[in-house]
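Analysis of the macromolecular model
Each chain, written out:
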Amino acid sequence: MSELSITTTQNVNINFNAATVGERILAYLLDLVIWIAYCVIIYGVLFRVTGLNDLLNEMDTWSARAISLIFYLPVMFYTLVLESLMEGQTLGKRIMKIKVIKIDGYQAGFGDYLIRWIFRLVEVTFPLSFVAVIAMMVNKKSQRLGDMAAGTAVISLKNNININHTILRELDDRYIPVYPMVIKLSDNDMRIIKETYETSLKTTDWAMIEKLQDKIEKVTGIKSVSANATAFIETVLNDYNYYTQKM
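Residues numbered from 1 in each chain as written. Predicted model: local features only at pLDDT ≥ 70, side-chain atom pairs only at ≥ 80, totals over all residues. Heavy atoms only, no water.

A few words on the overall build of the chain. Secondary structure summary: the chain contains 11 helices and four strands in total. The proportion of buried residues among the 247 residues of the chain is 38%. Considering only contacts within the chain whose residues lie at least 6 apart along the sequence, 68% involve residues at least 24 apart. When the accessible surface of the chain is split by element, carbon and sulfur atoms take 62% of a total near 14,000 Å². (Helix = DSSP H or I, 4+ residues; strand = E, 2+ residues; numbered from the N terminus. Buried < 20%, exposed > 50% of the residue type's maximum accessible area, 1.4 Å probe, protein only. Contact = heavy atoms within 4.5 Å. Areas by Shrake-Rupley, 256 points an atom, 1.4 Å probe, with all protein chains shown as cover.)

For helix α4 (residues 78-85), the complete set of buried residues consists of Y78, T79, L80, L82 and E83. Taken together, the buried residues of α4 touch α1 (21-50), α3 (61-76), α5 (91-96), β3 (98-102) and α6 (110-123). E87 sits one or two positions beyond α4 and adopts a positive phi of about 50°.

Attention now goes to the packing of α1 against α3. Close contact between α1 and α3 brings their axes to 9 Å; oriented N to C, the two are set at 155°. By the angle between their directions, the pair α1 and α3 is classed as roughly antiparallel. Crossing handedness for the pair α1 and α3: right-handed. For the pair α1 and α3, the contacting residues are W35, Y38, C39, I42, Y43, L46 and F47 in the first and S68, F71, Y72, P74 and V75 in the second. Across the contact of α1 with α3, the residue classes break down as 11 nonpolar, one polar and no charged. (Axes fitted to C-alpha atoms, helices over the stretch in contact; angles between N-to-C directions. Parallel < 35°, antiparallel > 145°, perpendicular 65-115°, else oblique. Left-handed = near helix turned anticlockwise from the far one by under 90°. Nonpolar A, V, L, I, M, F, W, Y, C, P; charged D, E, K, R; others polar.)

With that out of the way, let us pick up the packing of α1 against helix α7 (residues 129-138). Two numbers describe how α1 lies on α7: the axes approach to 10 Å, and their chain directions differ by 155°. The orientation of α1 relative to α7 falls into the category roughly antiparallel. For the crossing formed where α1 meets α7, the hand is right-handed. For the pair formed by α1 and α7, the contact residues are V21, R24 and I25 on the first element and V133, M136 and M137 on the second. Residue classes in the contact of α1 with α7 are distributed as five nonpolar, no polar and one charged.

Right under this line is the structure:
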């Protein structure tokens with residue numbers, strides 16, 4: 001399993017485990033099972049029960065194909081829609097605990113998922129599936145062609161790296177603290193903050209980081225001088241280490 005290092009726009013380095021080729025193939029197969037189940041329900045049950053199948057047989061070829069295509073649209077756009085709604089995951093990816101992220105630290109958006117989806121047509125769809133597999137095997141970040149074009153990667157959310165539970169941090173001798181009111185927090189408070197923060201970074205849960213900032217501000221009375229929650233919490237962690245090491 002290769003490690004993927006990402007530098008966010010706040011110059012914070014985050015290390016992720018890139019999803020393996022095997023994990024991505026299994027996620028694809030799980031999604032494939034869902035597609036097949038949907039088609040069985042639509043074509044094997046709905047069409048026959050409602051008599052729609054007989055109606056299609058009486059229509060001209062193009063009309064019949066157009067109606068069939070409408071029912072096939074959920075399968076066609078399954079990946080694009082679910083990754084957009086589930087922040088980089090399909091049902092298969094969620095089961096396998098992997099997700100799509102941007103390699104520049106931003107949250108992937110609809111445009112990124114759209115690019116990946118377009119490339120699926122030429123590198124994932126059978127019989128060209130081998131193209132994506134080969135691309136992931138030779139790429140250090142396990143990216144397929146769609147990932148390279150969209151600037152994305154697929155990471156594993158499984159916590160294979162033990163989080164360091166200590167609150168200690170190395171600080172430069174020239175470090176200047178910003179928030180003296182952090183001393184209102186206890187070591188246990190800081191441990192919880194650090195663990196929550198690091199877990200949120202690994203899962204790219206930016207909403208949780210913003211909630212963590214709000215909680216810290218309410219408890220300590222600190223008013224952030226930064227508009228960014230990540231930078232704020234980084235400063236709080238460093239400041240607490242600075243003041244406790246000086247005591």
